Amino acid sequence: MSYLSLIFAPIILSIFIYFFTKQTNNAKYIALALFTFMLYMSINIYMHLPETGYLLLSSFLHVEAFDFNLVLQVDRLSVIMLILTSVLLILVGLSSWSIEKQSAYFSLLIFFCGAIFGVFMSTNLMWFFIFWELTLIPMYFLIGIWGAEGRIYAAVKFFLYTHVASMLILLSFFLIYKQSGTFDMTLIKSGVLTTPALIWWLLFIGFSVKMPLFPFHTWLPDAHVQAPAPISVLLAGVLLKMGAYAMIRMLILILPLQAQKYAWAILLLGLISLLYAGFMALYETHLKKMVAYSSISHMGLVAIGISTLSYDGLSAGVYEMIGHAFIISPLFLIAGFLHHKTGSWQMRDMGGIMQRVPYISAIFVLAGLGALGLPGTMGFIGELSILLSAIGKYGVWLIVILLGSMLSAAYLIWTFRRVIYGEMSEVVKITDFKMPKAEFLSLIIFSIFIILFGIYPQALFDIINQAFSAYATSGGAL
Amino acid sequence: MSAFVLLFALAIVSLVIHKLSILKSISIVTLIASSALVLLHFSTPLSGFTSSAAIELFQVLLFTVISAVIISEDEHINITQTLFITAASVLLLESSTLLTFIISFEALSIISFVLVSNIKNAKQAEGAIKMFISGSIATAIIVLGLSMYLLEGHSLNALIDAKMSNFAIVGIWIIMMGLFYKLTIVPMHSWAADTYAQIKPSLAATLSGVVKTVVVVATFKIFSPFILNNITLSMPILALLALVTMTLGNFLALWQKSVGKILSYSSIAHAGYMLLAFVAIQSKYASTALLYMAVAYIFMQTSLFLLLDKLSDGRGDLSLDNLKGLYSKDKFASLIFSIELFSLAGIPLLAGFLGKAILVYAVVDVNLIFLALFTLLNSALSVGYYAWIIKHIYFDKAEGKNKISRVSNTALISQLILLSGTLYFGLFAYNIFEVAF
């Protein structure tokens, strides 16, 4: 019951915060306190996890006839996601310190917090879906109200596109229930399913949209570009991770046989996403769109890691998910900051920013180097471990992954040349670059993470590996 | 039946006292008393009428919604008509033979004609006349079907016979088509879009929210054995009707500029969803699904039309552009409007989601996977226009002078009643799962 409030307290609280912090602008303090508490609770849950398997937190609202039972169970994978989410929420809260209409903004963030905790904590497929869909609502408003010029188009497209995909997911959940008689993902035996292939493909398409993999990615560049910078962080750091998490959780762990059979599809779409988005990023002159494509490219890498279906591949995939969150977020934040100050998205209007704001530029370069996989950053470890496990599984031809790496080096270094160094443009000369302290603090924290886990990845791998230890002992096929 | 007697007596009395200001409070008290009568099973048995747990639950929720309608209603004569409608609804819900069903259905229709005849301008007159004409045609069709059924020597004073000739079966189908006029199933829908959008929205709330759901539930109660007996024929026909109804309703709603029209077409689309329960009648979830959808729908649709009534000051002629910037003018109204729209769209934690989800599950349960897929895609399509209304409320700035009026506090109370229903049934499903038809 108390764990239930981790989900529902924020959702209910958000409405009160919306109406009662109108005048005082206290919403951000409440939000930050809440997110810190959520981080504390997630770590607390982590401490109590059993060696393998699930920890039952609570069970509520039982409807016998439909197995409509809000079961909260967590294992290591979900707790890792919970911790990542709450860290990101704190940083997002910091980097939105001086945003307009604070009470509404932060109450939506708090609402989102409740919903996303529900996604990672519930093991009942119906409730999983309910929270999965619920995350769309705050995102729709956050993009639609605080976004840039084309925010309305982006918000509606985001909402509709992902909602259609969710319908496929819901249909396959219904098929699972019809065939296995349970909605509980810890109890589903893939053996009793009569149409496992259909279920697998429906789920695969549904989750690919969220992740997003080529060709289902078209909503993401729009949403990313139009969303305010902190919300882009949330999109890249949390929303896309939902797709990857669900893919591991359902496609691999619930339907292992089908996953073996169709892993090529994940690999194929992952590879295409990696390269296609890399080329698109190379072509882009729109700074934030470039970062958005870079984000898609990295999620392609995660998909390749997942597609190996091996212990080290999955671990590497999860590591890359975390790395991607920490690396891509400062890029989004700084791109949004530059747009906010210069009023332009185009790289040609920038240039020479290093001379004006050396610290922020240095963080941009650091995160960029992380994204292209420089040793000593999180990006390197993620790419290397995924490359090794993919070659181990599929053979040497997967060396093409390095092409993606080269592409990212190309577009990022070229971007540094155009935006950070280079000649100072007229626009940059007359702009006053002043960043609020809280936003700068969040950038610093991001860069500390990038370096810390880049130098000492074992700390993270120790936690992630345990998540898949049960998978490893069963020899990859549960 | 005792609830009916109480409500009917009050309706008759209110004809005399409808000028008094206490009519509203008397009506609310009576509705609460009727709910108590239903809940305490204080019923006088009468041949031709039976009740069940599901019907009782639905009646209590119906009385709740009617209370909300009455609280927000300003014109006392409409309160009187609403009471008559409630009484007839109770009768229709409890009727268990073909005779009582047809009679109560006709009573309900005639009272709804009277309800819409409270006309203020030419537009409302057009809506009312369209409804009257189509209603009369529906009655004629029902009588035709009934006569075909009776010609074969079947009795009116019982349920529909299990064994009958093809001629009588056609007769029953014709009766159902007549009923589908009231349920706004395509192609019997065209009156509804105009009527709902052109009459006073508070009356449209009663018609599209209350009357339609009552008729759906009662039709399901009476006709489900017949559909089950003729499943090979009825499944394809009803599946086609359901598919066409929801698709056409959703597509036409996408093009509309007026809020009333969008809500009307969404109401037609929802009739299509509810018809799915008839298609999936072999599933043990069908009756639960229908009841759930009916309960969810009665709360959200009534709420939206009542809110539209208040925002447009009873004229109902708001276009999407008028809604621009509503957010900065009236925060509570925008929030409630958006929540109810999200519920219609089938967004989780709201009653509309569970209603739709269980309906679709019932369809999956009888292995009609493509129908389920099309329903889900339809539902996703409908998000297009619901989210579009919300976009006008929240994302756009108000331009120029707009003609939105403030929502009074009494209206907010009635909205909160309906909102709590939408929220409650979005979270707690067991009340509906444990009752049986």
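These figures come from a predicted structure and were not determined experimentally.

### With respect to helix α16 (residues 369-394) of chain B
Under the 1.5 Å per step criterion, the end-to-end length of α16(B) is 37 Å for 26 residues, consistent within 8% with the ideal 38 Å. Among the 26 residues that make up α16(B), 20 are buried, leaving the element largely enclosed by the rest of the structure.

### As for a nonpolar patch on the surface
A cluster of nonpolar residues, A:Val396, A:Trp397, A:Ile399, A:Val400, A:Leu402, A:Leu403 and A:Met406, forms a patch on the protein surface that exposes about 650 Å² of accessible area. Note that A:Ile399 resides in the loop between α16 (378-394) and α17 (401-420).

### Some details on the packing of helix α13 (residues 311-342) of chain A against helix α15 (residues 358-372) of chain A
Residue and element names in this part refer to chain A. At their nearest, the axes of α13 and α15 sit 8 Å apart, and the two run at 140° to each other. Classified by the angle between their axes, α13 and α15 sit oblique to one another. Helix-helix and strand crossings are classified by hand; for α13 and α15 the assignment is left-handed. Residue-level inspection shows Ile327, Pro330, Leu331, Ile334 and Phe337 of α13 in contact with α15, the latter providing Ile360, Ile363, Phe364, Ala367, Gly368, Gly370 and Ala371. For the contact of α13 with α15, the residue count by class is ten nonpolar, two polar and no charged.

### Notes on the packing of helix α6 (residues 122-151) of chain B against helix α8 (residues 190-198) of chain B
Residues and elements named next belong to chain B. At their nearest, the axes of α6 and α8 sit 8 Å apart, and the two run at 145° to each other. Remark: the crossing between α6 and α8 carries left-handed chirality. When α6 is examined against α8, the residues Lys123, Gln124, Glu126, Gly127, Lys130, Met131 and Ser134 are found in contact with a partner set consisting of Trp191, Asp194, Thr195 and Gln198.

### A look at the packing of aromatic side chains
Counted under the stated rule, the structure contains 60 aromatic pairs over all chains. With centroids separated by 4.8 Å and ring planes inclined at 85°, the aromatic side chains of A:Phe120 and A:Tyr245 adopt a geometry described as edge-to-face. Taken together, the positions of A:Phe120 in helix α4 (residues 102-121) and A:Tyr245 in helix α10 (residues 229-252) put the pair 125 residues apart, joining distant regions of the chain. The side chain of A:Lys101 reaches across the aromatic face of A:Trp146, ending 6.0 Å from its centre. Directly above the ring of B:Tyr327 sits B:Lys331, whose terminal nitrogen or CZ lies 5.1 Å from the centroid.

### Side note on the confidence of the model for chain A
Averaged over every residue, the pLDDT of chain A is 86; the share at 70 or more is 98%. Of all secondary-structure elements in chain A, the lowest mean pLDDT belongs to helix α21 (residues 469-473) of chain A, at 69, while helix α5 (residues 125-134) of chain A reaches the highest, 91.

### What to know about the pattern of salt bridges
Residue and element names in this part refer to chain B. Taken as a whole and assessed by the stated rule, the structure comprises 14 salt bridges over all chains. When the shortest N-O distance is used, the salt bridge between Lys310 and Asp74 registers 3.1 Å. With a gap of 236 residues between them, Lys310 in helix α12 (residues 286-311) and Asp74 in the loop between α3 (53-72) and α4 (76-94) connect regions that are remote in the sequence. Since its relative accessible area comes to 11%, Lys310 is described here as buried. You can call Asp74 exposed: its relative accessible area is 55%. Where Asp194 meets Lys130, a salt bridge forms, and the shortest distance between an N and an O atom there is 2.6 Å. Of this pair, Asp194 sits in helix α8 while Lys130 is found in helix α6, placing the two residues 64 residues apart along the sequence.

Cut-offs applied
- Residues numbered from 1 in each chain as written.
- Chains lettered and ligands numbered in written order.
- Predicted model: local features only at pLDDT ≥ 70, side-chain atom pairs only at ≥ 80, totals over all residues.
- Heavy atoms only, no water.
- Helix = DSSP H or I, 4+ residues; strand = E, 2+ residues; numbered from the N terminus.
- Expected span 1.5 Å × (residues − 1).
- Buried < 20%, exposed > 50% of the residue type's maximum accessible area, 1.4 Å probe, protein only.
- Patch = residues over 30% accessible without salt bridge, like charges linked within 9 Å, V, L, I, M, F, W, Y side chains within 5 Å.
- Areas by Shrake-Rupley, 256 points an atom, 1.4 Å probe, with all protein chains shown as cover.
- Salt bridge = Lys/Arg side-chain N within 4 Å of Asp/Glu carboxyl O.
- Axes fitted to C-alpha atoms, helices over the stretch in contact; angles between N-to-C directions.
- Parallel < 35°, antiparallel > 145°, perpendicular 65-115°, else oblique.
- Left-handed = near helix turned anticlockwise from the far one by under 90°.
- Contact = heavy atoms within 4.5 Å.
- Nonpolar A, V, L, I, M, F, W, Y, C, P; charged D, E, K, R; others polar.
- Phe/Tyr/Trp six-rings, centres within 6.5 Å; stacked < 30°, edge-to-face > 60°.
- Lys NZ or Arg CZ within 6 Å of the ring centre and 35° of its normal.
- pLDDT = per-residue confidence, 0-100.

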